[in-house]
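A closer look at the structure
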Amino acid sequence: IIGQIAELGHASEKYHFEMGSSIKVRPQDSIVLVGENMQPVYEGLLKAGNSSRQISKITRTEEVGKKLQGYKGVVFLKGSRYHRLERLTNPENLA
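Nothing here was measured: the structure is a model prediction, and the numbers come from that model. Starting from 1, residues in each chain are numbered consecutively following that chain's sequence as written. Local features in this predicted model are restricted to residues whose pLDDT is 70 or higher, and side-chain atom pairs enter the listing and the counts only when it is 80 or higher, whereas totals over whole chains, interfaces and linings include all residues. Each side-chain value is derived from all of the structure's non-hydrogen atoms; neither hydrogens nor water enter the calculation.

Another aspect to go through is the overall build of the protein. The way it works is that DSSP assigns letters per residue, a run of H or I at least four long becomes a helix, a run of E at least two long becomes a strand, and they are numbered from the N terminus. A tally of helices and strands in the protein yields three helices and three strands. Taken from N to C terminus, the helices and strands of the protein fall in the order β-α-β-α-β-α. For the accessible areas, the method is Shrake-Rupley and the probe is 1.4 Å, while residue cover comes only from the protein chains on display. Carbon together with sulfur atoms contributes 50% to the accessible area of the protein, which is approximately 6,300 Å² in total.

Here's what the structure looks like:
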């Protein structure tokens, strides 16, 4: 789960693209992008060789909670405090 990093300012698109292009996941893994301006990350992920079928784009953190309900496995969270992704570590917040 990768959340938009809100503090990047005018270079935001560049840094988000670079971040996406540095991530290559295994075929069985998936990536969830959280935020309204995650297209540069999405494009970077595709450039890195990830399949579009592995990538979900979600606007709000609450929507991610629904996606994680019942999930068993490891989840990596990365993003700024803007989207408050830490809420997803509490099972009560996944409803």
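Picking up where we left off.
Now for the layout of surface pockets. The distinction between a cavity and a pocket rests on a 1 Å grid over the protein atoms alone: a 1.4 Å probe fits inside a cavity but cannot get out, while a pocket stays open yet meets protein on both sides within 12 Å along at least five of seven lines, and a residue with an atom within 4 Å of a point counts as lining. Grid points are joined across faces, edges and corners, and a volume is the space filled by probe spheres set on the points. Considered as a void within the structure, the largest pocket measures approximately 490 Å³ in volume. Lining the largest pocket are 15 residues, and of these Ile1, Ser30, Ile31, Val74 and Phe76 lie nearest its centre. When residues of the lining of the largest pocket are traced back to their parent elements, those giving at least two are β2 (31–34) and α3 (61–68).

Before going further, it helps to spend a moment on the sheet that holds strand β1 (residues 2–3). Spatially, β1-β2-β3 is the arrangement adopted by the three strands of the open sheet, whose pairing is parallel. Because the sheet does not close on itself, it has two edges, and the strands there are β1 and β3 (55–58). Relative to β3, β2 runs parallel, the two sharing four bridges. The residue of β3 that forms the bridge with valine 32 is serine 56. Strand pairing is assigned whenever DSSP detects at least two bridges linking the two strands.

The next subject is the environment of histidine 16. Within the fold, histidine 16 resides in helix α1 (residues 12–21). For every residue, the accessible area (1.4 Å probe, protein chains only) is compared with the maximum for its type, and the residue is labelled buried under 20%, exposed over 50%, or partly exposed between those bounds. Judged by relative accessible area, histidine 16 falls into the buried class, the value being 1%. When the C-alpha atoms of histidine 16 and glutamine 4 are compared, they prove to be 8.0 Å apart, with twelve residues separating the residues in sequence. When checking whether two residues touch, look at their non-hydrogen atoms; a contact exists if any pair is within 4.5 Å. Leave out the neighbours within four places in its chain, and histidine 16 touches Gln4, Ile5, Leu8, Met38, Pro40 and Val41.

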